[in-house]
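# Per-entry structural report
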Amino acid sequence: MRTTYQDATVRLYHLDGGPEGGAANTLFYGPLAEAMRIANAQPEDVQEGLYIATDNDVVAWLDLIGE
């Protein structure tokens, strides 16, 4: 993910592993700092499918936190 700031507007979404690639379900749209707090509070199995999208990039939650 490119360098950004805590107040950058991002989309936090969960990509489920359903048939035909699953669906992207938005959990939050707003400041990066809040998206990170929400993502961190999710159960481990949900965190595996979380992604954060900025206006110019997408990163898997677990890659972002280094797991």
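Refer to the structure above for everything that follows.
Residues numbered from 1 in each chain as written. Predicted model: local features only at pLDDT ≥ 70, side-chain atom pairs only at ≥ 80, totals over all residues. Heavy atoms only, no water.

## A few points about the overall build of the protein chain
Scanning the protein chain from terminus to terminus reveals three helices and four strands. When the helices and strands of the protein chain are read in sequence order from the N terminus, they spell out β-β-α-α-β-β-α. Counting every position in the protein chain, which comprises 67 residues, the buried fraction comes to 30%. The long-range fraction of contacts in the protein chain, counting pairs at least 24 apart against all pairs at least 6 apart in sequence, stands at 41%. (Helix = DSSP H or I, 4+ residues; strand = E, 2+ residues; numbered from the N terminus. Buried < 20%, exposed > 50% of the residue type's maximum accessible area, 1.4 Å probe, protein only. Contact = heavy atoms within 4.5 Å.)

## Considerations on the sheet that holds strand S4 (residues 58–60)
By definition, the strands of a sheet pair up through backbone hydrogen bonds, in either a parallel or an antiparallel sense. A sheet is described by the order of its strands in space; here four strands give the open sequence S2-S1-S3-S4, paired in antiparallel fashion. Strands at the two margins of the open sheet, each flanked by one partner only, are strand S2 (24–31) and S4. Direction aside, neighbouring strands of the sheet carry axes that sit 25° apart on average. Sheet topology places strand S1 (residues 9–15) next to strand S3 (residues 50–53); four bridges connect them, and they run antiparallel. Note on S3: the bridge partner recorded for Arg11 is Ala53. Sheet strands touched by helix H1 (residues 32–40): S1, S2 and S3. Its angle to S2, the strand with the most contacts, is close to 135°. (Pairing = 2+ DSSP bridges. Axes fitted to C-alpha atoms, helices over the stretch in contact; angles between N-to-C directions.)

## Section: the pairing of S3
As defined by bridge partners, S3 adjoins S4 across three bridges and the pair is classed as antiparallel. Looking across to S4, one finds that Tyr51 is bridged to Ala60. Two successive antiparallel strands, S3 and S4, enclose a turn made up of four residues.

## Examining the packing of aromatic side chains
Across all of its chains, the model carries one aromatic pair by this definition. Both rings, one in Tyr13 and one in Tyr51, keep their centres 5.6 Å apart while their planes meet at 20°; by these two values the pair is stacked. Residue Tyr13 is found in strand S1, and its partner Tyr51 is found in strand S3; the two are separated by 38 residues along the sequence. Since its relative accessible area comes to 12%, Tyr13 is described here as buried. When the ring centre of Tyr13 is taken as origin, the NZ or CZ atom of Arg11, which lies over that ring, is 4.3 Å away. (Phe/Tyr/Trp six-rings, centres within 6.5 Å; stacked < 30°, edge-to-face > 60°. Lys NZ or Arg CZ within 6 Å of the ring centre and 35° of its normal.)

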